[in-house]
Amino acid sequence: NGNTKKRVLILMSDTGGGHRASAEALRAAFDDLYPGQLDTVIVDLWTQIVKGPFRNLPKQYMFLQRNPTLWKLTWFYGVFPLSRCITEEFSYWIAHERVKQAFLMYRPDLIVSVHPLCQTLPLRILKDMGIRERIPFVTVVTDLGSAHPLWFHKDVDICFVPTDRVRDIARRCGVSINKIRQYGLPVRPAFWKESRDKVAVRNELGLEQAPTILIVGGGDGMSAVGRVARALACRLSEEFSYAQLVIICGRNVALQEELSRMHWPLPVHIKGFVNNMSEWMTASDCIVTKAGPGTIAEALIRGLPIFLYGFLPGQEAGNVPFVVENGVGLFESDPLILANHVIELFREQSHLVQMSIQAKNVGRPLATYQIAKDICDLLWLQRTKSPVSSPLEVS
Ligand code: UDP
């Protein structure tokens, strides 16, 4: 095999938009730092490798997202040792042969997990195969203010955490301090660079040069987006003669169609899934969003004050105090009260500017590079330790 590129396997699952976004961010950083030297493959462990009863995991997650009580139960089901242990044994029984075959096929030199359900199973199978010592395994936690214990496995080589809060959870879950590195959340390349000129970006996107409020609900477009957008549109049109809303519905096509059919009292731009979130954020003055970690990290880098209207119980709950305590936004679940807060902020321009500066201070545009650099250092170290061109070639 003449291919001397090192193979990095990124394990994730498409539950929400954040995990794939983080995986793609890391791949882009690897290519930027070490052009042509790495072959990075991103794989959904559960739908592409394990399949069987787990092939619908992203759809089940979408369903649970819309039913917070069920989601809460699922979240805690994974916390309790007995239920966790039973599920782990069941998934091992279903999955071990397929995961083993996948490892033989991908022949990774290093594995990165960017998902809480991608630690226990792959690490156990690497051990079964007797190759764990030769294949470094790192976790990049993509939650901000709280994180499920399943993220943390004491046998990983490095566990990257974005914040003090997540670092403390990692410690409590038994990850030793010398394995923990703290930089921030991986974000896509567009967010590594300085913001472009707002006026120019607004022109390119077909927006007015007017106060702009961006409303999003994660990759799947949480349905509450509609309620929040309507409340904001009503209140804003009463207070300001000029203002515009940008509503990004993500993959929620039904929501996009529903909102597009409605009559709005002010200029509104309704979008489906956009691939240029950085531009939409640059064009906006603040963001109204659910407490998704990816969106929060990106909004901070773009210096947007953050108004949170909802969060997923469990993993997103901690993002609320993270935003509030850092002085970069607030949480309000009542859309009309939230709309009033947005209006107040636009009236108090100095407050808006101050929050925007604070958001930029908390944002971590360099995190992706720093994480990618450390991962590659581990890979190069492994190369000097083991002269075998691929750890799996000898098994
Ligand atoms: N996103 C995007 N286009 C869209 C909607 C969302 O690129 O139309 C991205 C968003 O910028 C963020 C991610 O999807 O990077 C959503 O991640 P988050 O953690 O906020 O929420 P999740 O969807 O994972 O629940």
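Each value, and the rule that gives it
- Residues numbered from 1 in each chain as written.
- Predicted model: local features only at pLDDT ≥ 70, side-chain atom pairs only at ≥ 80, totals over all residues.
- Heavy atoms only, no water.
- Helix = DSSP H or I, 4+ residues; strand = E, 2+ residues; numbered from the N terminus.
- Rg over C-alpha atoms; globule rule 2.2 N^0.38 Å.
- Contact = heavy atoms within 4.5 Å.
- Areas by Shrake-Rupley, 256 points an atom, 1.4 Å probe, with all protein chains shown as cover.
- Near = heavy atom within 4 Å.
- Polar contact = N/O pair within 3.5 Å; in protein donor to acceptor, adjacent residues only side chain to side chain.
- Nonpolar A, V, L, I, M, F, W, Y, C, P; charged D, E, K, R; others polar.
- Phe/Tyr/Trp six-rings, centres within 6.5 Å; stacked < 30°, edge-to-face > 60°.
- Buried < 20%, exposed > 50% of the residue type's maximum accessible area, 1.4 Å probe, protein only.
- Lys NZ or Arg CZ within 6 Å of the ring centre and 35° of its normal.
- Patch = residues over 30% accessible without salt bridge, like charges linked within 9 Å, V, L, I, M, F, W, Y side chains within 5 Å.
- Salt bridge = Lys/Arg side-chain N within 4 Å of Asp/Glu carboxyl O.
- Pairing = 2+ DSSP bridges.
- Axes fitted to C-alpha atoms, helices over the stretch in contact; angles between N-to-C directions.
- Core = buried A, V, L, I, M, F, W, Y, C linked by side-chain atoms within 4.5 Å.

Another aspect to go through is the overall build of the chain. Of the regular secondary structure elements, the chain holds 16 helices and 12 strands. For the chain, the C-alpha radius of gyration of 22 Å lies close to 21 Å, the compact-globule estimate for 395 residues. A separation of at least 24 residues holds for 68% of the contacts in the chain among residues at least 6 apart in sequence. For the chain, the exposed surface amounts to about 17,000 Å²; the carbon and sulfur share of it is 55%.

Below, the discussion takes up the site of the ligand. In the vicinity of the ligand lie 20 residues, with Gly219, Val274, Lys290, Thr295 and Glu298 positioned nearest. Here an oxygen atom of the ligand sits 2.5 Å away from a polar atom, N or O, in the side chain of Thr295. Taking 540 Å² as the accessible area of the ligand by itself, protein coverage stands at 97%. Considering each element in turn, the shell around the ligand owes the most residues, 4 residues, to helix 12 (residues 293-301). By residue class, the composition of the shell around the ligand is 5 nonpolar, 11 polar and 4 charged.

Our next topic: the packing of aromatic side chains. For any pair of aromatic rings, the description rests on two quantities: the centre-to-centre distance and the angle between the ring planes. Considering all chains together, one arrives at 5 aromatic pairs under this definition. Taking 6.4 Å as the distance between ring centres and 75° as the angle between the ring planes, the aromatic pair formed by Phe240 and Phe346 counts as edge-to-face. Of this pair, Phe240 sits in the loop between helix 9 (224-239) and strand 8 (244-248) while Phe346 sits in helix 14 (residues 335-347), placing them 106 residues apart in sequence. On the basis of relative accessible area, Phe346 is assigned to the buried category, the value being 8%. In this arrangement the basic side chain of Arg124 is found over the ring face of Tyr92, its NZ or CZ atom lying 3.6 Å from the centre.

Time to look at unusual backbone geometry. You will see that Arg107, though not glycine, has its phi angle at about 45°, which is positive. Looking at the element boundaries, Arg107 is found in the loop between helix 5 (81-106) and strand 3 (110-113).

On to a nonpolar patch on the surface, then. A cluster of nonpolar side chains, namely Phe63, Leu70 and Leu73, defines an oily patch on the protein surface of about 310 Å² accessible area. Here Leu70 is to be found in helix 4 (residues 68-77).

On the basis of which strands lie adjacent, the open sheet formed by 6 strands has the order 2-1-3-4-5-6 and parallel pairing. Edge positions in the sheet fall to strand 2 (38-44) and strand 6 (180-182), since each has one partner strand and no second. Strand-to-strand twist in this sheet, taken as the mean axis angle between neighbours without regard to direction, amounts to 20°. Note: strand 4 (residues 137-140) against strand 5 (residues 158-161), 3 bridges, orientation parallel. Bridge pairing in strand 5 links Val138 to Ile158.

What follows deals with the side chain of Asn319. With respect to the secondary-structure elements, Asn319 resides in helix 13 (residues 319-325). Its relative accessible area of 0% is what places Asn319 among the buried residues. Of note is the side chain of Asn319, whose polar atom sits 2.6 Å from the backbone nitrogen of Gly145. With residues up to four places along the chain from it excluded, the contact list for Asn319 reads Leu144, Gly145, Ser146, Ala291, Gly292, Pro293, Ile296 and Leu308.

Membership of the largest hydrophobic core comes to 57 residues, with the highest contact counts inside it found for Ile10, Phe30, Val112, Ile296 and Ile375. Other than its neighbours up to four places away in sequence, Phe30 contacts Val8, Ile10, Pro35, Leu38, Thr40, Ala372, Ile375 and Cys376. Core analysis: the second largest hydrophobic core is formed by 35 residues, Leu57, Cys118, Leu123 and Val175 among them.

Before going further, it helps to examine the sheet that holds strand 8. The strand order 9-8-7-10-11-12 describes an open sheet built from 6 strands, whose pairing is parallel. Two strands in the sheet have a free side with no partner beyond their single neighbour: strand 9 (268-271) and strand 12 (329-331). The sheet shows a mean angle of 15° between the axes of neighbouring strands, taken without regard to direction. One ladder, built from 4 bridges, connects strand 10 (residues 286-290) with strand 11 (residues 306-310); its direction is parallel. If you follow Ile287 over to strand 11, its bridge partner there is Ile306. Contacts between helix 14 and the sheet are confined to strand 7 (212-216), strand 10, strand 11 and strand 12, with strand 11 contributing the most and set at about 175° to the helix.

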